[in-house]
Amino acid sequence: TRFMSKLLVHRVYTQLIVAGTRRHARRRPRLNPPKPRLAVAAAMDKNPETNKYVGYHREEVGSESLVGTVKHFDCHAFLVHGDADAWPGEEFDAEGDAAKTLHDAIKTAAGEHKSGVHQFKPGTSAVGKVKLNLSETGARGAAGDRAGDVIMFPQMRRHRLGADAVNDPAEVADFVRRAVVSGDDAGEALSHRAHLFVCTHMKRDARCGVCGPALIESIRDELKRLDIADDAVAVRGCSHTGGHKYAGNLLLFVPEKGLAAKVEDAGETKGVWYGYVTATEIPAVLRRTVMRGEVIPRLWRGSMGMRPDEHEAAAAAEAKRIGEPWPPLKTPCDACNEEGGGGGEE
């Protein structure tokens, strides 16, 4: 009928309009383009004091508890290997690179690599579970370091494999058998009594790439101001430690009682991890942790040899011992978020 014909034409016309609208919608530019990646923001402003996206005053700083954010491991090894600006985002994935050669050798010996740790089973390694990182050479390296060195904590030993040997899978596998599996201390003792590592791995995450180099400068400036000898504390940039969002990430290997104690009374080396470290925290870190061996509970992520489920009780006990509040007081950023300001300190 005429009515049915008109209805059919109307339906076809409507479908054509809808289809055309959909095609046009697919071609239209986004009215709200996606936010630029953090790496772009970082490239625009390398100053962590003013970069509100990835710097010291970004909204997330202080927004989460740091309790138990370090996986359990017993030994921390660092391969001295170039400049952080040249490291790829996944530092152990580049075929033919010394970092991958060493990582693969340790993984083969351990049998498993999980959560950033080479998971040696009890009794299969003299040094226990191993975490591996890269350490910078050049301006953000330390005096005495050479490409191809492997530095190990808490052993406080340096093994000079050399730039050539560290690229040889057979040489590296032999080193792992000797130094990691058997615990051979054939390397040389480290000359510095304290060692500080700051994550500077820009290609892994812009937060570490912006905050890390600035923190190294702040630490070195404060060491000079405090007149702490250059041969007492080594400060280095290192690769991804885990927990980009906690940047600045600072790892400290110091005597149990700190540098203020006599060498014979200072105790064994301990590894302490801090997060949300900014330039304003550096004087307290050097005075309390480096010089006296204390941990600062509000910054403490965990320690080498400590299991995550042991950390909260240890942090609470330390806070009580030194008379600091636990859980930590809210940061300015937390208070700002509750009040609706959102941007943290200016």
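Analysis parameters
Residues numbered from 1 in each chain as written. Predicted model: local features only at pLDDT ≥ 70, side-chain atom pairs only at ≥ 80, totals over all residues. Heavy atoms only, no water. 1 Å grid on protein atoms, 1.4 Å probe; cavity = no way out; pocket = protein on both sides within 12 Å on 5 of 7 lines; lining within 4 Å. Points joined across faces, edges and corners; volume = space filled by probe spheres on them. Helix = DSSP H or I, 4+ residues; strand = E, 2+ residues; numbered from the N terminus. Nonpolar A, V, L, I, M, F, W, Y, C, P; charged D, E, K, R; others polar. Phe/Tyr/Trp six-rings, centres within 6.5 Å; stacked < 30°, edge-to-face > 60°. Buried < 20%, exposed > 50% of the residue type's maximum accessible area, 1.4 Å probe, protein only. Expected span 1.5 Å × (residues − 1). Core = buried A, V, L, I, M, F, W, Y, C linked by side-chain atoms within 4.5 Å. Contact = heavy atoms within 4.5 Å. pLDDT = per-residue confidence, 0-100. Polar contact = N/O pair within 3.5 Å; in protein donor to acceptor, adjacent residues only side chain to side chain.

Space inside the second largest pocket adds up to approximately 390 Å³. Considering the residues around the second largest pocket, the lining is formed by 24 residues, among which His113, Ser115, Gly116, Lys131 and His240 are closest to the centre. If you list the elements that add at least two residues to the lining of the second largest pocket, you get strand 3 (117-118) and strand 4 (130-135). At 3 residues, the largest contribution of residues to the lining of the second largest pocket is made by strand 4. Looking at the lining of the second largest pocket residue by residue, the class counts come to 6 nonpolar, 11 polar and 7 charged.

On to the packing of aromatic side chains. Given two aromatic rings, their pairing is described by the distance between the two centres and the angle made by the two planes. Under the criterion given, the structure shown has 8 aromatic pairs. Here the aromatic rings of Phe78 and Phe153 are separated by 6.0 Å at their centres, their planes lie at 80 degrees, and the arrangement is edge-to-face. Residue Phe78 is located in strand 1 (residues 75-80), and its partner Phe153 is located in strand 5 (residues 149-153); the two are separated by 75 residues in the primary sequence. The exposure class of Phe78 is buried, given its relative accessible area of 0%. In this structure Phe153 comes out as buried when scored by relative accessible area, which is 0%. Aromatic side chains Phe78 and Phe253 sit 6.0 Å apart centroid to centroid with 85 degrees between the ring planes, which places their arrangement in the edge-to-face category. Highlighted residues: Phe78 in strand 1 and Phe253 in strand 10 (residues 250-255), separated in sequence by 175 residues. Overall, the relative accessible area of 1% leaves Phe253 in the buried class.

Another aspect to go through is helix 5 (residues 206-225). The end-to-end C-alpha distance of helix 5, which contains 20 residues, comes to 29 Å, matching closely the 28 Å that a straight helix rising 1.5 Å per residue would cover. Burial analysis of helix 5 places 14 of its 20 residues in the buried class, which makes it a mostly covered element. With its phi angle positive at about 60 degrees, Asp227 sits one or two positions after the end of helix 5.

Right, let's talk about the nonpolar core for a bit. Counting residues in each nonpolar core, the largest one holds 32 residues, and the members touching the most others are Leu196, Ile219, Val233, Leu250, Leu252, Tyr274 and Val290. Of all the elements in the fold, those that place two or more residues in this core are strand 8 (194-199), helix 5, strand 9 (233-238), strand 10, strand 11 (269-274) and helix 6 (282-290). Here the element with the most residues in this core is helix 5; it accounts for 6 residues. Look past the residues within four positions of Leu252 in its chain and what remains in contact with it is His195, Leu196, Lys270, Gly271, Val272, Tyr274, Val285, Thr289 and Val290.

The next point concerns empty space enclosed by the protein. If you roll a probe as big as a water molecule over the atoms, it shows you where there is empty space left. Counted under the stated rule, the structure contains 1 cavity of 30 Å³ or more. As a volume, the largest cavity reaches approximately 30 Å³. Around the largest cavity, the lining residues are Ala77, Leu102, Ile106, Leu132, Val150, Met152, Phe175 and Val180. Class assignment for the residues of the lining of the largest cavity results in 8 nonpolar, no polar and no charged.

Mean pLDDT over the protein works out to 86, with 82% of the residues at or above the 70 mark. This stretch, residues 6-10, has a pLDDT under 50; its non-local contacts, to residues over four places away or in other chains, come to 0 contacts. Counting interchain partners and residues more than four positions distant, the pLDDT-below-50 stretch residues 21-35 has 0 contacts.

Another point: unusual backbone geometry. Gly248 follows Ala247 through a cis peptide bond whose omega is 0 degrees. Residue position: Gly248 is located in the loop between strand 9 and strand 10. A positive phi angle, close to 55 degrees, is found at Ser115, a residue other than glycine. With respect to the secondary-structure elements, Ser115 resides in the loop between strand 2 (113-114) and strand 3. In this model, Asp227 sits at a positive phi of 60 degrees, which is unusual for a non-glycine residue. Judged by its relative accessible area of 69%, Asp227 falls in the exposed class.

Locating Asp149 in the fold gives a position in strand 5. On the basis of relative accessible area, Asp149 is assigned to the buried category, the value being 1%. Polar contacts involving the side chain of Asp149 include one to the main-chain amide nitrogen of Arg146, which spans 3.0 Å. Beyond its immediate sequence surroundings of up to four residues, Asp149 is in contact with Phe78, Leu79, Val80, Gly144, Arg158, His159 and Arg160.

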